[in-house]
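What follows is each chain in one-letter form.
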Amino acid sequence: PHTLTYLTQRLCLTALIALVSTGCLAESRLVVETTPPGALVELDWKSIGHTPLEYIIDHRGKRRLLVTLDGYEPVLRDVEFKSTWKNSFPIDIFTELLNPFAEDEVLRVDLHLSPRKEATVGDLVPVLERAEVLRRAGPSGPNEVMKEQP
């Protein structure tokens, strides 16, 4: 009887170890592709590579994505890896460690970059006029200058 209990305990322990070792950790991945390719990708202001890019996300939540390429308008976008019931504690222990069929969560971002528009003189005139108003205003602000003008 004692040997059977010991053998049963060992068998259960072996089965538990085998079950845990077959589990797969699901990954959250960010996939960024641009047209044209080769754009620099920053996630939360840290460079993570050039497109086409596949990056493993280490924690969930809202993240800031910046994509830049010389000669093209930069793209700034918020992306979010939302938490679900599957990845909330303590359920995530079972869904990630014990589930042999874990599914990766993939957030795909496809961007068509627009060529950068060069500023023309017509675009700069209002900016220069506003700058002159602010320059003449001094430390008290532009309201004082506006009152003096007829």
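All values reported here derive from a predicted model rather than from experimental measurement.

Definitions and limits used
- Residues numbered from 1 in each chain as written.
- Predicted model: local features only at pLDDT ≥ 70, side-chain atom pairs only at ≥ 80, totals over all residues.
- Heavy atoms only, no water.
- Helix = DSSP H or I, 4+ residues; strand = E, 2+ residues; numbered from the N terminus.
- Buried < 20%, exposed > 50% of the residue type's maximum accessible area, 1.4 Å probe, protein only.
- Contact = heavy atoms within 4.5 Å.
- Areas by Shrake-Rupley, 256 points an atom, 1.4 Å probe, with all protein chains shown as cover.
- Pairing = 2+ DSSP bridges.
- Salt bridge = Lys/Arg side-chain N within 4 Å of Asp/Glu carboxyl O.
- Axes fitted to C-alpha atoms, helices over the stretch in contact; angles between N-to-C directions.

**Here we look at the overall build of the chain**
Helix and strand counts for the chain come out as four helices and seven strands. Ordered by position in the sequence, the α and β elements of the chain form the string α-β-β-β-β-β-β-α-β-α-α. Looking at the chain as a whole, 20% of its 150 residues are labelled buried. When contacts within the chain are restricted to residue pairs at least 6 apart in sequence, long-range pairs at least 24 apart make up 59% of them. Counting every atom, the chain has about 11,300 Å² of accessible surface; 60% of that belongs to carbon and sulfur.

**Observations regarding the environment of V31**
Relative to the assigned elements, V31 resides in strand β1 (residues 28-35). Distance in space between the C-alpha atoms of V31 and R108 is 4.8 Å, their sequence separation being 77 residues. Those residues in contact with V31 that sit more than four places away from it in its chain are L53, E54, V106, L107, R108 and V109.

**A few points about the pairing of strand β3 (residues 46-50)**
As paired elements, strand β2 (residues 40-43) and β3 share four bridges and run antiparallel to each other. Counterpart to L40 in the pairing with β3 is H50. Between the end of β2 and the start of β3, which pair antiparallel, lie two residues, with D44 showing a positive phi angle near 55°.

**Here we look at the pattern of salt bridges**
Any two side chains of opposite charge can pair, on the condition that their charged atoms come close. Evaluated as defined, the whole model comprises eight salt bridges. Residue E54 is joined to R29 by a salt bridge in which the shortest nitrogen-to-oxygen separation is 2.5 Å. Here E54 is found in strand β4 (residues 53-57), whereas its partner R29 is found in strand β1, with 25 residues between them in sequence. Through salt bridges that share partners, E33, R108 and D110 make up one connected network.

**As for unusual backbone geometry**
Backbone torsion omega between T35 and P36 reads 0°, so that peptide bond is classified as cis. Residue position: P36 is located in the loop between β1 and β2. The backbone phi angle of W45 is positive, close to 70°, even though this residue is not glycine. Position of W45 among the secondary structure elements: in the loop between β2 and β3. A relative accessible area of 53% places W45 in the exposed class.

**Considering the sheet that holds strand β7 (residues 105-112)**
Within a beta sheet, neighbouring strands are joined by backbone hydrogen bonds and run either parallel or antiparallel to one another. One open sheet holds the three strands; their spatial order is β4-β1-β7, and the pairing between them is mixed. What marks the edges here is a single partner per strand, and that holds for β4 and β7. Direction aside, the axes of adjacent strands within the sheet are offset by 20° on average. Across five bridges, β1 lies against β4 in antiparallel orientation. Each residue of the ladder has a partner; that of R29, found in β4, is I56.

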